[in-house]
Each structure stands twice: as C-alpha cells, then as structure tokens.
Amino acid sequence: METVFRIESPRIIAGVARIVRDVGIAEELAQDALVAALEQWPRDGVPDNPGAWLMATAKHRAIDLVRRRERYARKLAEMGRDLETAAPYGHIDEPSDPDDIDDDLLRLVFTACHPVLSAEARIALTLRLLGGLATAEIARAYLAPEATVAQRIVRAKRTLAAKGVAFEVPYGPEREARLGSVLEVIYLIFNEGYAATAGDDWLRPALCEDALRLARVLAELMPKEPEVHGLAALLELQASRSAARTRPSGEPVLLKDQNRSRWNRLLIRRGFAALARAESVSTGGPGPYVLQAAIAACHAHAYTYEETDWTRIATLYGLLAARAPSPVVELNRAVAVSMAEGPGPALVIVDALAAEPALRDYHLLPSVRGDLLARIGRTEEARAEFERAASLTRNERERELLLARAVECG
C-alpha cells in the first residue's frame, strides 16, 4: 500500500489540484484517499487498479469539497454541478488551445515554480508534490538542513493559497521566467530516482520515468530552447544505463563494471538526437544541461570503459564549473581528472573541497577520496574514508557497497 501510494501520489495531487486549485488542499485530499484505502483494502481486498482507486477516491472528495463551497461562490457551485453531471471523476473540460498541454503533472510543476516563491521553496515544494519525496530526502538531494526544507514547504503552500496562484501552464514571458526552476526540479527528481538518497533500493524507476516524460513534453513545448533539449538529452542518456546499474539482487554496479550491452540503445539514440537539437538551436555558449548531456554522450559513445574519452570529459567538466560553479561539479571534475591525468592531481582538487560547508555530510566526498587513496596505495587511509562515507549515506545498498570497498582496502 505504501509503495502504491508513493508511486501514485504525484498524479493524484496533480489531478485533484486541477479541481480545487490549491496544492495544499490537494495533498491533504490525497492523504485522505490513503486513509480510506487503509480502512477498506484490508477488509475488501486490494483493487485490480489501486492507483485508479486512489485517484477516484481523492477526486470524489474534491468534488464534495467543491459542493460544500457552493454557498460561498457561484463559480464553485457551477463547477460542482458540471463535475457531477459531465465528469464524475473530476475531469474539467477547458477551451482547447494549440499551445496548451493536457498534462496535470506539468501544470503542477509550473504552479509550484511560481515566481511568488523563492527558488529554494519552488524546488522543495515540487519535489514534495511531484516526486513524492519525504522532507529528509529533499534535504539530502539539495544539501540543506531538514528543518529548513520543512519550513520552505509549509510556507510555499500558504503563499500559493494566499496569492490565489492559478493551476496552469503559463504562456509567453511568464513561462520563460519559470523555466529555470522547472528544469532544475525535473533534474533533481530524476537524480533521486537514479540514485536514491535513502531506503533499501538503489533505483526508484518511477521517479526517473516521471522526470523523463516531463522533460520530453517540455522539449516539445519549447522547441527553440537549447537547455530544455539539453536536459532531455541528459536524462535519456542517463536512463539508458538503468538496466545495467544493479544486479538481480539489487546491488549497485559501478560504471566501470557495467555490462554495456545492457545499455538501452534506443534511449541513447534519443539522447544523441536531443543533444543535436540543443546544439542546432543554440545561439551562444552551451548551458549547464547541454554540457552535462555532452559528458553523458562521451560515456555513451564508448563501447567499453577503457575507450572512454576522459580528457574530453575533464574539459567539459571544466567548462561546466565555469558556467555553473558548485562543489559537486568540482568533485565530479576531480573524478574525470583522476582518469585523464591520474589520482594525484585529482586528490589535490578533492582535498581543496574538504572545507566546503555544503559537502560536510556529503558521502560522495569521502567515497571519491577513498577511491583516489586506494589507487595511490594509501589503503589504510582509503579504508577510513570508505567507512566514513558508509556512515553518511542513508541508502542501504550504497552503504553495503562502501563497506565492501572498505573491506577490500583492509
């Protein structure tokens, strides 16, 4: 039941928000549907389509809420009658528009990314509503304190309700203004699905699929935006590796150990095509998503790990660090440098990041440092770094992998 709700809750919230026009209330109604399931499913059995059952229950409750508001506003009364007679499951017919997208999830993203919210609040709220992530997972993904993220989410819901923000995909300049936040949100949702920050599973495919679908829809909507195509290319290429990233038992498989014949060649071709579109419509230097897609393309072009063009990847990471500087980008650049020039120069880069506050509890910093130390032959120090990395991660599969690396060093 928990698994079903986690997968379906973003769609339920999005569908209900289209009726009640309030994401906070929509989330509460989705939770009400879960409570109803907890009461009825143990007695009556799990329905054949549990997601549809939850959606219908939440929408029926939304319709009831609209009806109860009839005495406050004529428009809500008319909406309630229309929903009852024309669309019992809460679908609202709207005038067709050639530039419209019939996608409630995308509407939810743009609503949560409204400029009345701070950039941090937009990302946290959308990850919560669309990604179905717990507050702790969002904090981990965004390298922020959990209490801070919780406050952002609560305040964001209140602000959207108080400002009467419409549940819609905006047009024209307003859409352009929100695009950066939307891209970042989709990117973070995919990353959480690609390498889960917590729990027993290394992958959360449903999150990857939602993020990839939204990126594709956005690319069709904005064909002249290179960064939109760049993000779509990046996600296609990253998703192509999914089948090779875990063993049948669920254990993670590192990039150098992956069976590349299991990489999805269709997704790779789609990624190359999206990257080509991004480059064809670009009028300036490549943006962060185009650069990351170019890095992913380098990996996809190599049929073996040894054939990887690490020199080009290190160069691309250097461009990315200049275009969108961050400690995480610099850490990734260090990995590429270690493969192109050796572990020594890379260790200098990693040691310079030790004082970064944002990386203080970031498990990949000691993990990368442990790998570099092991390659140099400083095995005792490497073991300590892998053990520290294992203590910082909250993903069980990743912890097992890091502890195994520590044992190898011992």
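Note on numbering: residues in each chain are counted from 1, in written sequence order. For a predicted model such as this one, the threshold for reporting local features is a pLDDT of at least 70, and the threshold for listing and counting side-chain atom pairs is 80 or more; totals across whole chains, interfaces and linings nevertheless cover every residue. Hydrogens and waters are ignored; side-chain quantities use all the structure's heavy atoms.

Caption draft 1: Inspection of the overall build of the chain at higher detail. Under the scheme used here, helices are H or I runs from DSSP no shorter than 4 residues and strands are E runs no shorter than 2 residues, and both carry numbers assigned from the N terminus. Scanning the chain from terminus to terminus reveals 19 helices and two strands. Whereas a compact globule of 410 residues would reach a radius of gyration of roughly 22 Å, the chain reaches 23 Å, a difference of no more than 12%. Structurally, the chain occupies a C-alpha span of about 75 × 55 × 40 Å along its principal axes. By the burial criterion, 50% of the 410 residues in the chain qualify as buried. Long-range pairs, those at least 24 residues apart, make up 66% of the contacts in the chain between residues at least 6 apart in sequence. When the accessible surface of the chain is totalled, it reaches about 19,200 Å², and 52% of it is carbon and sulfur. The positive charge centre, built from 52 side chains, and the negative charge centre, built from 58, are 2 Å apart in the chain. Values of the radius of gyration come from C-alpha atoms, whereas the globule rule sets the reference at 2.2 Å times the count of residues to the power 0.38. Using a 1.4 Å probe on the protein chains alone, a residue whose accessible area is under 20% of its type maximum counts as buried, one over 50% counts as exposed, and one in between counts as partly exposed. Any pair of residues with heavy atoms lying within 4.5 Å of one another is described as a contacting pair. Using a 1.4 Å probe, the Shrake-Rupley method yields the accessible areas, and only the shown protein chains count as cover for residues. The charge count includes Lys and Arg as positive and Asp and Glu as negative, but it does not include His or the ends of the chains. Working definition for charges: the position is that of NZ of Lys, CZ of Arg, CG of Asp or CD of Glu.

Caption draft 2: How the structure looks around the packing of helix α17 (residues 364-376) against helix α18 (residues 379-392). To get an axis, a line is fitted to the C-alpha atoms, and for a helix only the part in contact is used. The angle between two axes follows their N-to-C directions and goes from 0 to 180 degrees. As a packed pair, α17 and α18 sit with axes 8 Å apart at the nearest point and diverge in direction by 160°. Between α17 and α18, the interaxial angle falls into the category roughly antiparallel. Here α17 runs over α18; the crossing is left-handed. Here P366, S367, R369, G370, D371, L373 and A374 of α17 come into contact with α18, specifically with E381, A382, E385, F386, R388, A389 and L392. Working definition: roughly parallel below 35 degrees, roughly antiparallel above 145 degrees, roughly perpendicular at 65 to 115 degrees, and oblique for all remaining angles. By the definition used in this description, the sense in which the near helix is turned from the far one sets the handedness, with an anticlockwise turn below a right angle giving left-handed and a clockwise turn giving right-handed.

Caption draft 3: Spotlight on helix α11 (residues 226-239). Compared with an ideal rise of 1.5 Å per residue, which puts 14 residues at 20 Å, α11 spans 20 Å between its outermost C-alpha atoms and is within 8% of the ideal. Within α11, 13 of the 14 residues are buried, which leaves it mostly tucked inside the rest of the structure. Expected helix span is given by 1.5 Å per residue-to-residue step, counting one fewer step than there are residues.

Caption draft 4: The arrangement of the nonpolar core in detail. In plain words, nonpolar cores are sets of buried Ala, Val, Leu, Ile, Met, Phe, Trp, Tyr and Cys residues tied together by side-chain atoms within 4.5 Å. Among the nonpolar cores identified, the biggest contains 123 residues, and V16, V20, L125, I186, L218 and L235 are the most heavily contacted of them. Per-element accounting of this core gives the leading share, 10 residues, to helix α13 (residues 288-301). Apart from the residues lying within four places of it in its own chain, the contact partners of I186 are A211, L214, A215, L218, L231 and L235.

Caption draft 5: Up close: the environment of S261. With respect to the helices and strands, S261 occurs in the loop between α11 and α12 (265-281). For S261, a relative accessible area of 62% translates into the label exposed. Measuring from C-alpha to C-alpha, the distance between S261 and A244 comes to 8.5 Å, with 17 residues separating the pair along the chain. A polar atom in the side chain of S261 sits 2.6 Å from the side chain of N259. Polar contact is defined as a pair of N or O atoms within 3.5 Å, subject to the rule that within protein one atom must be able to donate a hydrogen and the other to accept it, and that residues adjacent in sequence are counted only when both atoms are side-chain atoms.

Functional significance is not addressed by these values, which are geometric in nature.
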